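What the coordinates show
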Amino acid sequence: GLILTHPFAPELTAGEMELTMLDVGQGDATLVVAPNGSTTLIDAGGLGGYSASTRLDTGEDIVAPYLWQRGIQRVDALVLSHLDFDHAGGAPAILRIFRPRRLLLAKQPAGHPLLGRVLAAATAAGVESVQLQAGETWEAGGVIWRALHPSSYQAASDRKAGRSNEESLVLHARFGETSVLFAGDIHEANEREMLARGGLPRADVLKVAHHGSRTSTSGAFLEALAPTVALVSAGWLNSYGHPHPAVVARLRAGGIALFRTDRDGAITLRSNGRRWLYGGAR
């Protein structure tokens, strides 16, 4: 009762941008804290599947306790890169518990198994839902965000329930001279599309697509982004073999430092606007 009445001050570092990739097993959930303390949660993990019998709710049982431990009582924005269960299965709990001010997501096919649950949870929590597409930009607490994918054409033409990965939001976040790219679960074809459109910004840090699957993170994409650090969220001893050895080899050949949740646990990076500092594993 005392904690609820007099919550601890959030554990945040003023003037810095923080990126913490949580260890949610074979899934994705990353907290971004802006220099002014505003918070953006990108994905909320999810274990099992649409018909899984597990009672573990990644949003309520893993992500929420981490946020509470940090003294975070409300999230400013929840971003769902796409609605596959391993990225969005924990979203209804996060919407219910933390009442984000905005829910950001790409346009989804009407028949997607999770869409109704997520939108119903957002409505019940009074959360505004915003659909994003390539070219949109916004500022949040000193961080400049830009959506790079999907394009409006793709969102209109490929709107099928089975193509959730290809419709993933790809977001670029910049603070000062430092930047990070969140690649969702896009495939190499989507990487080629973005390269063909031109204007792909460089990124110091890359959230590797699709947990390090061999279907993504092409050499051409890495060359264009020129990251120095790559982050992979994957489950320990996952049955998919993520991250794939070919992707690990490409990262190594490019001199890109690799951190992965299956070996390192939750990973924190901090930026002062000039360079990234490794905050260690949690």
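Residues numbered from 1 in each chain as written. Predicted model: local features only at pLDDT ≥ 70, side-chain atom pairs only at ≥ 80, totals over all residues. Heavy atoms only, no water.

Examining empty space enclosed by the protein
Inspection of every chain in the model, using the stated rule, returns 3 cavities of 30 Å³ or more. Space inside the largest cavity adds up to approximately 60 Å³. Lining the largest cavity are Asp28, Thr30, Ile42, Asp43, Val79, Ser81, His87, Leu169, Leu171, Phe182, Gly184 and Lys207. Grouping the amino acids of the lining of the largest cavity by side-chain chemistry returns 5 nonpolar, 4 polar and 3 charged. (1 Å grid on protein atoms, 1.4 Å probe; cavity = no way out; pocket = protein on both sides within 12 Å on 5 of 7 lines; lining within 4 Å. Points joined across faces, edges and corners; volume = space filled by probe spheres on them. Nonpolar A, V, L, I, M, F, W, Y, C, P; charged D, E, K, R; others polar.)

A closer look at the environment of Val32
When you line up the elements, Val32 lands in strand β2 (residues 30-33). Note: C-alpha distance between Val32 and Arg270 (238 residues apart in sequence) is 9.7 Å. In this structure Val32 touches Met17, Glu18, Ser38, Thr39, Thr40, Ile42, Trp145 and Phe182, once residues within four positions along its chain are discounted. (Helix = DSSP H or I, 4+ residues; strand = E, 2+ residues; numbered from the N terminus. Contact = heavy atoms within 4.5 Å.)

A few points about the pattern of salt bridges
Note that side chains of opposite charge can pair when their charged atoms are close. Under the counting rule described, the total for this entry stands at 7 salt bridges. Across the pair Glu60 and Arg96 runs a salt bridge whose closest N-O atoms are separated by 3.2 Å. Taken together, the residues span a long stretch of sequence, with Glu60 in helix α2 (residues 58-69) and Arg96 in helix α4 (residues 91-98) at a distance of 36 residues. Measuring nitrogen to oxygen at the nearest pair gives 3.8 Å for the salt bridge that ties Glu188 to Arg192. Of this pair, Glu188 and Arg192 both sit in helix α7 (residues 188-197), separated by 4 residues, roughly a single helical turn. (Salt bridge = Lys/Arg side-chain N within 4 Å of Asp/Glu carboxyl O.)

A few points about the sheet that holds strand β8 (residues 143-149)
The mixed open sheet is built from 7 strands, whose spatial order is β7-β8-β9-β10-β11-β12-β13. The strands lining the two open edges of the sheet, one partner per strand, are β7 (137-140) and β13 (257-260). Across this sheet, the average inter-strand angle for adjacent strands is 20°, counted without regard to direction. Relative to β13, strand β12 (residues 229-232) runs parallel, the two being bridged by 4 bridges. Opposite Val232, over in β13, you have Arg260 as the bridge partner. Relative to the sheet, α7 contacts β8 and β9 (170-175), its axis offset from that of β8 by approximately 110°. (Pairing = 2+ DSSP bridges. Axes fitted to C-alpha atoms, helices over the stretch in contact; angles between N-to-C directions.)

A closer look at the layout of surface pockets
Summary: where empty space remains is shown by rolling a probe the size of a single water molecule over the atoms. Counted as a void, the largest pocket has a volume near 220 Å³. What lines the largest pocket is a set of 12 residues, and nearest its centre among them are Gln26, Asp86, His210, His211 and Tyr240. The class makeup of the residues in the lining of the largest pocket is 2 nonpolar, 7 polar and 3 charged.

Observations concerning the packing of aromatic side chains
Applying the stated criterion across every chain, the model contains 4 aromatic pairs. When the centroid spacing of 5.9 Å and the interplanar angle of 35° are considered together, the rings of Trp68 and Phe98 count as tilted. Remark: Phe98 occurs in helix α4 and Trp68 occurs in helix α2; sequence separation between them is 30 residues. On the basis of relative accessibility, which here comes to 40%, the residue Trp68 falls in the partly exposed class. One aromatic cluster in this structure is built from Trp138, Trp145 and Phe182. (Phe/Tyr/Trp six-rings, centres within 6.5 Å; stacked < 30°, edge-to-face > 60°. Buried < 20%, exposed > 50% of the residue type's maximum accessible area, 1.4 Å probe, protein only.)

Topic: the nonpolar core
Ranked by size, the top nonpolar core spans 30 residues in total, and within it Val63, Leu67, Leu78, Leu80 and Leu103 carry the most contacts. Put simply, the parts of the chain that give this core at least two residues each are β2, α2, β4 (77-80), α3 (85-88), α4, β5 (102-106) and α5 (115-124). In contact with Leu80, not counting residues within four places along its chain, are Asp43, His87, Ala88, Ala91, Leu103, Leu104, Leu105, Ala106, Val118 and Leu169. Membership of the second largest hydrophobic core comes to 28 residues, among which are Val79, Ala106, Val180 and Trp276. (Core = buried A, V, L, I, M, F, W, Y, C linked by side-chain atoms within 4.5 Å.)

Thoughts on unusual backbone geometry
A cis geometry characterises the amide bond from His149 onward to Pro150, with omega recorded as 0°. Here Pro150 lies in the loop between β8 and α6 (152-157). For the bond from His242 to Pro243, the omega torsion is -5°, close enough to zero to count as cis. Turning to its location among the elements, Pro243 is positioned in the loop between β12 and α9 (245-253). A positive phi angle, near 55°, is found at Leu237, a position not held by glycine. With respect to the element layout, Leu237 can be found in the loop between β12 and α9. Judged by its relative accessible area of 66%, Leu237 falls in the exposed class.

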